[in-house]
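What the coordinates show
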Amino acid sequence: MSTDEDQTELEDAQGPLPRLGRALRAVQDGVASTKAPPQVAAEAAAALERVATLLAPYQYDVETDRSWDDIGRARGTRTIGPVLTDVVCDGHQLEATVRFTPFYLGGNGAAHGGTLPLVFDEALARLTNFDRGTGRTAYLNVTYRSVTLLGRDIRVKAHIERIDGRKRYAAGALYDGDTVTAEASALYVELRPGSA
């Protein structure tokens, strides 16, 4: 990323919405890995119910609010996928780090297989959309090579394979040290003006 983009992301990360997102991630990890006794679980559930009630009047309405601008607004609050950090992208290649936390546990210390495509889609979309018009995922194929463990710094590497008109082909891999844990290939198609 450029220095200006780094500064913008840093400033964006300091606001109240990103803070809310970080708090939610902490709760997701805490709930997924809790050994809380019933009384503590009930107290936590009541607190979360109060939070849900507090936020309910401000929900995104897909029918009236639909816009690509929402990606920027929701950057810090979308907690479905693991966070990419140390992102370096020049539009041809991308490198980043990801750490799967307890919320993403599949079993036996490994990341759930369904979470790896989330990481690839985020990384490959960032790469293929870098300094280009917005594209949507047409396909994303993931091949699992080895177990991806929780709590480790996993390297994400991706590159553009080719661009053919509106079609952008990209590929990537996840690395635990020198071990490839998964590979992906994808096609993103640039939207026509006015398309959703």
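Residues numbered from 1 in each chain as written. Predicted model: local features only at pLDDT ≥ 70, side-chain atom pairs only at ≥ 80, totals over all residues. Heavy atoms only, no water.

**Points about the confidence of the model for the protein**
- When pLDDT is averaged across the protein, the result is 89; 86% of the residues are at 70 or more.
- The low-confidence segment residues 1-8 (pLDDT under 50) makes 7 contacts with residues lying over four places distant or belonging to another chain. (pLDDT = per-residue confidence, 0-100. Contact = heavy atoms within 4.5 Å.)

**Concerning unusual backbone geometry**
- Even without being a glycine, Asp 86 presents a positive backbone phi close to 50 degrees.
- Its location among the elements puts Asp 86 in strand β1 (residues 84-89).
- Residue classification places Asp 86 among the exposed residues on the basis of a relative accessible area of 56%.
- Unlike most non-glycine residues, Asn 108 shows phi in positive territory, near 55 degrees.
- Counting through the fold element by element, Asn 108 comes out in the loop between β3 (105-107) and β4 (110-111). (Helix = DSSP H or I, 4+ residues; strand = E, 2+ residues; numbered from the N terminus. Buried < 20%, exposed > 50% of the residue type's maximum accessible area, 1.4 Å probe, protein only.)

**Looking at the sheet that holds strand β6 (residues 154-164)**
- Here 6 strands make up an open sheet; going across it, the order is β1-β2-β6-β7-β8-β5 and the pairing antiparallel. Every interior strand has two partners, whereas the edge strands, β1 and β5 (135-144), have only one. On average, adjacent strands in this sheet sit at an angle of 20 degrees to one another, irrespective of strand direction. (Pairing = 2+ DSSP bridges. Axes fitted to C-alpha atoms, helices over the stretch in contact; angles between N-to-C directions.)

**Here we look at the pairing of β6**
- Across 6 bridges, the pairing between strand β2 (residues 93-98) and β6 is antiparallel. Paired with Thr 97 across the two strands is Arg 155, which belongs to β6.
- Alignment of β6 against strand β7 (residues 167-176), held across 9 bridges, turns out to be antiparallel. In the strand pairing of β7, Ile 160 is matched with Ala 170.

**Thoughts on the environment of Thr 77**
- When you line up the elements, Thr 77 lands in the loop between α5 (69-73) and β1.
- Separated by 53 residues in sequence, Thr 77 and Leu 24 have C-alpha atoms that sit 8.1 Å apart.
- Leave out the neighbours within four places in its chain, and Thr 77 touches Leu 17 and Gly 21.

**Description of the environment of Gly 133**
- Counting through the fold element by element, Gly 133 comes out in the loop between α6 (115-129) and β5.
- We classify Gly 133 as partly exposed; its relative accessible area is 29%.
- Sequence separation between Gly 133 and Arg 192 is 59 residues, and the spatial gap between their C-alpha atoms is 9.0 Å.
- In contact with Gly 133, other than residues within four places in its own chain, are Arg 168 and Glu 190.

**Here's the deal with helix α2 (residues 16-32)**
- For α2, which comprises 17 residues, the first-to-last C-alpha distance of 24 Å matches the rise-based estimate of 24 Å (1.5 Å per residue) to within 8%.
- Taken together, the buried positions of α2 are occupied by Pro 18, Gly 21, Arg 25, Gln 28 and Asp 29. Down the axis of α2, the smallest arc covering the buried residues is 95 degrees, so these residues share one side. Those residues of α2 that are exposed and angled more than 90 degrees off the buried face are Pro 16, Arg 19, Ala 26 and Val 31. (Expected span 1.5 Å × (residues − 1). Arc of directions from axis to C-beta.)

**Some remarks on the packing of aromatic side chains**
- What the rule picks out here adds up to 2 aromatic pairs.
- Ring geometry for Phe 100 versus Tyr 104: centroids 6.4 Å apart, planes at 85 degrees, classification edge-to-face. By the burial criterion, Phe 100 is buried, and Tyr 104 matches it.
- Each ring, one from Phe 103 and one from Tyr 104, has its centre 5.1 Å from the other, and the planes form 80 degrees; the classification is edge-to-face. (Phe/Tyr/Trp six-rings, centres within 6.5 Å; stacked < 30°, edge-to-face > 60°.)

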